[in-house]
Amino acid sequence: KKLGIALVGLGGYASGQLAPALLQTSHCYLAGIVTGTPSKIPVWKAKYNIPDKNIYSYENYDQIKNNPDIDIIYVVLPNNMHAEYTIRGFAAGKHVICEKPMAITVADCDSMISAAKKANRFLSIGYRLHFDPYNLEMARLGTAKKYGDIKKISGGLGFKATPHQWRLQKKYAGGGPLMDLGIYVSQGMCYTTGMEPIAVTAQEGKKTDLQRFSEVEQSLTWQFEFPNGLIGYGSTSYDDDMNFLKAEAEQGIFELTAAYTYNGLKGYTPAGNMQFPLINQQAQQMDGIALSIKNNKPSIVPGEMGRRDVKYLQAIYEAMRTGKRVSIKAD
Ligand code: NAD
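Residues numbered from 1 in each chain as written. Predicted model: local features only at pLDDT ≥ 70, side-chain atom pairs only at ≥ 80, totals over all residues. Heavy atoms only, no water.

Attention shifts here to the site of the ligand. Taken together, 22 residues lie near the ligand, and Gly12, Asn79, Lys100, Arg128 and Trp166 sit nearest. Within the backbone of Gly11, an N or O atom sits 3.0 Å from an oxygen atom of the ligand. When the ligand sits alone it has 830 Å² of accessible area, and the protein chains cover 78% of it. Judged by the proximity of its atoms to the pocket grid, the ligand belongs to the largest pocket. Of all elements in the fold, only helix H1 (12-21) and helix H7 (177-193) reach the threshold of two or more residues within the shell around the ligand. A class-by-class count of the residues in the shell around the ligand yields 11 nonpolar, 5 polar and 6 charged. The residues that make up the shell around the ligand include at least three from each of domain 1 (3-128) and domain 2 (133-278 + 310-327). (Near = heavy atom within 4 Å. Polar contact = N/O pair within 3.5 Å; in protein donor to acceptor, adjacent residues only side chain to side chain. Areas by Shrake-Rupley, 256 points an atom, 1.4 Å probe, with all protein chains shown as cover. 1 Å grid on protein atoms, 1.4 Å probe; cavity = no way out; pocket = protein on both sides within 12 Å on 5 of 7 lines; lining within 4 Å. Sits in = over half its atoms within 2 Å of the grid points. Helix = DSSP H or I, 4+ residues; strand = E, 2+ residues; numbered from the N terminus. Nonpolar A, V, L, I, M, F, W, Y, C, P; charged D, E, K, R; others polar. Domains from an automatic or database assignment.)

This is the structure we're talking about:
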C-alpha cells in the first residue's frame, strides 16, 4: 500500500516541487492538503484528485487524527511554524516530514524530537540532497578517501532574494541566507568529509541593501574546524549567485559546480565528469522516507540530523555576532 501524505502549506515548494513529485512516487502519494487559503482548494482538488474529506484548514488540522488516509504529514510552512505543525502532527498520531531548516532554535528541535518519541512515530527532514546521486557521490568519494585525505573543503550557495517575503523577516525565517541556503553548504561539508565540526569562526558580509536586509544578514562566510584540523570554508548570500561544493584532496579535486539545484547538477573528479541518470530528487526523497516508515525504521534524514544542523547554524551566528571562535559540542 502507498502511504498517504498530506502537505501542510501550499506555497512555492509544495506546489512547484513536492506535489508534482508525488505523482511519480511508488511508496507514497498525495492524499490530503492543509491550507489557510480556500481559493487554492478547487485548483488542488482538480489537479490531484483529492477528496473533500482529506482537505483541512489550520484550524481543523488536528482532526486529521481521525483520518486513516493520512499516514504522513509534510510540513512546508515558513521556518518558525515548523515546530508547532510538526508537534501537532505527532499529537494526531501521524509520521512527520518537516522541511529544512527543522526549526529556528535547538530548543524547538528538542520539542519536536520528544513529540515524535512520545507518539512513537518517525520524524524526517526534507533533505532532498541525501537522495541525489551527485551529492551521494561527493560523500562516497570523500568518506572512502578515493583521492586521499581532503586537504581543503569549501562550498557556497546564494542567489538574489526578492524583497518583502517572510525569508527576509527574522521572526519567520530565524535568520537570513544561512538558515535557507547556507544549511546546504554546512551539510555538504559534513557528508563529504564524513566529519562533524568542532568549532567555527564567521564573518557577516557587508550590507549593500540596508532596506532589504534590515533584519537578517545579506551574506555570511564561515570556517568550520574539523577534528583532524581540516578547515571547511562556507559562504552564503541573498545577493550573490554561487552554487558549489569543492573538495581538494591529496590526489586531486572532486567538486560539484552546480551542487544544490533540483536538476542540472554538474560534477567533476580527477577521473572525469560525473554522469548520473536524471532523477526527481523530491520523489526519491519522499519514497526513501516512506519506505523506511514501511520498514519501521528511522530514515537517513532523521530529526536528530535536523537538530544537529540547527545547532551548527546557531553556532555560526554566535561566531558572527561575537567575532570569536565558537566551539561546538558533540551531543
Ligand atoms: P512560500 O512562501 O512559497 O510558502 C509558504 C506557505 O506557507 C504559503 O502557502 C503560505 O500561505 C503559508 N503560510 C501559512 N502561514 C503563513 C504565515 N504566517 N506567513 C507566511 N506564509 C504562511 O515558501 P516555500 O518556498 O514554499 O518554503 C516553505 C518551506 O519549505 C520553508 O521552510 C523552506 O525552507 C522550505 N523549502 C525547502 C526547499 C528544498 O529544496 N528542500 C525548497 C524551497 C523551500
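With that out of the way, let us pick up the domain arrangement of the chain. Interface size, as often reported, equals the accessible area lost upon joining of the parts. Taken domain by domain, the chain holds domain 1 (3-128) and domain 2 (133-278 + 310-327). Put simply, the middle of domain 1 and the middle of domain 2, counted by C-alpha atoms, are 27 Å apart. With 15 residues of domain 1 at the interface, the matching set in domain 2 holds 16 residues. Taken together, both faces of the contact between domain 1 and domain 2 bury some 1400 Å²; the carbon and sulfur share is 60%. On the domain 1 side of the contact with domain 2, Lys100, Ile104 and Arg128 bury the most area, a combined 37% of that side's loss. (Contact = heavy atoms within 4.5 Å. Buried area = accessible area lost by both parts, 1.4 Å probe.)

Summarising burial for helix H5 (residues 133-143): 8 of the 11 residues are buried, a large majority. Where H5 is concerned, the buried positions are Pro133, Tyr134, Asn135, Glu137, Met138, Ala139, Leu141 and Gly142. Turning to H5, the residues buried within the fold contact strand E7 (150-158), H7, strand E11 (242-249), strand E12 (252-258) and strand E13 (266-269). Lys145 sits one or two positions beyond H5 and adopts a positive phi of about 55°. (Buried < 20%, exposed > 50% of the residue type's maximum accessible area, 1.4 Å probe, protein only.)

As a further point, take unusual backbone geometry. With an omega of -20°, the peptide bond between Lys100 and Pro101 qualifies as cis. Assignment of secondary structure puts Pro101 in the loop between strand E5 (95-98) and helix H4 (106-119). Its identity is not glycine, yet Asn49 carries a phi of approximately 60°, on the positive side. Topologically, Asn49 is positioned in the loop between helix H2 (40-48) and strand E3 (55-56). Despite not being glycine, Asn296 has its phi angle at roughly 60°, a positive value. Along the chain, Asn296 falls in the loop between helix H8 (281-294) and helix H9 (303-322).

Turning next to the sheet that holds E5. Taking strand neighbours across the sheet as the criterion, the 6 strands line up as E3-E2-E1-E4-E5-E6 in an open arrangement whose pairing is parallel. For this open sheet the edge positions go to E3 and strand E6 (123-125), each flanked by a neighbour on one side alone. Note that strand E1 (residues 3-8) and strand E2 (residues 28-34) share 6 bridges and pair parallel. Residue pairing in the sheet places Ile5 in a bridge with Leu30 of E2. In the packing of H1 onto the sheet, contacts are made with E1, E2 and strand E4 (72-75), and the angle to E1 comes to roughly 165°. (Pairing = 2+ DSSP bridges. Axes fitted to C-alpha atoms, helices over the stretch in contact; angles between N-to-C directions.)

What follows covers the sheet that holds strand E8 (residues 199-204). Where strands meet in a sheet, backbone hydrogen bonds hold them as pairs that are either parallel or antiparallel. Strand order across the open sheet formed by 9 strands is E14-E13-E12-E11-E7-E10-E9-E8-E15, with mixed pairing between neighbours. Sheet topology places strand E14 (272-273) and strand E15 (326-327) at the edges, where each strand pairs with a single neighbour. Where E8 lies against strand E9 (residues 219-225), 6 bridges are found, and the strand directions are antiparallel. Each residue of the ladder has a partner; that of Thr201, found in E9, is Gln223. Across the sheet, H5 touches E7, E11, E12 and E13, and the angle it forms with E12 is around 165°.

Let's shift gears to the packing of H7 against H9. As a packed pair, H7 and H9 sit with axes 10 Å apart at the nearest point and diverge in direction by 110°. The orientation of H7 relative to H9 falls into the category roughly perpendicular. In this structure, H7 meets H9 at a crossing whose hand is right-handed. Facing Leu178, Met179, Ile183, Ser186, Gln187 and Cys190 of H7, the residues of H9 in contact are Met305, Arg308, Asp309, Tyr312, Leu313, Ile316 and Tyr317. Looking at side-chain class alone, the contact of H7 with H9 contains 9 nonpolar, 2 polar and 2 charged residues. (Parallel < 35°, antiparallel > 145°, perpendicular 65-115°, else oblique. Left-handed = near helix turned anticlockwise from the far one by under 90°.)

The computed volume of the largest pocket comes to approximately 750 Å³. Taken together, 37 residues form the lining of the largest pocket, with Tyr13, Lys100, Arg167, Asp180 and Tyr262 sitting closest to its centre. Among the residues making up the lining of the largest pocket, the classes are represented as 17 nonpolar, 13 polar and 7 charged. For the lining of the largest pocket, the domains that each give at least three residues are domain 1 (3-128) and domain 2 (133-278 + 310-327). Approximately 250 Å³ is the volume attributed to the second largest pocket. Residue lining of the second largest pocket: 15 residues in total, with Ala116, Arg121, Phe122, Leu123 and Pro298 positioned closest to the centre. Looking at the lining of the second largest pocket, the elements with two or more residues in it are H4, E6 and H9. Per-element tally for the lining of the second largest pocket: the top contributor is H4, with 3 residues. (Points joined across faces, edges and corners; volume = space filled by probe spheres on them.)

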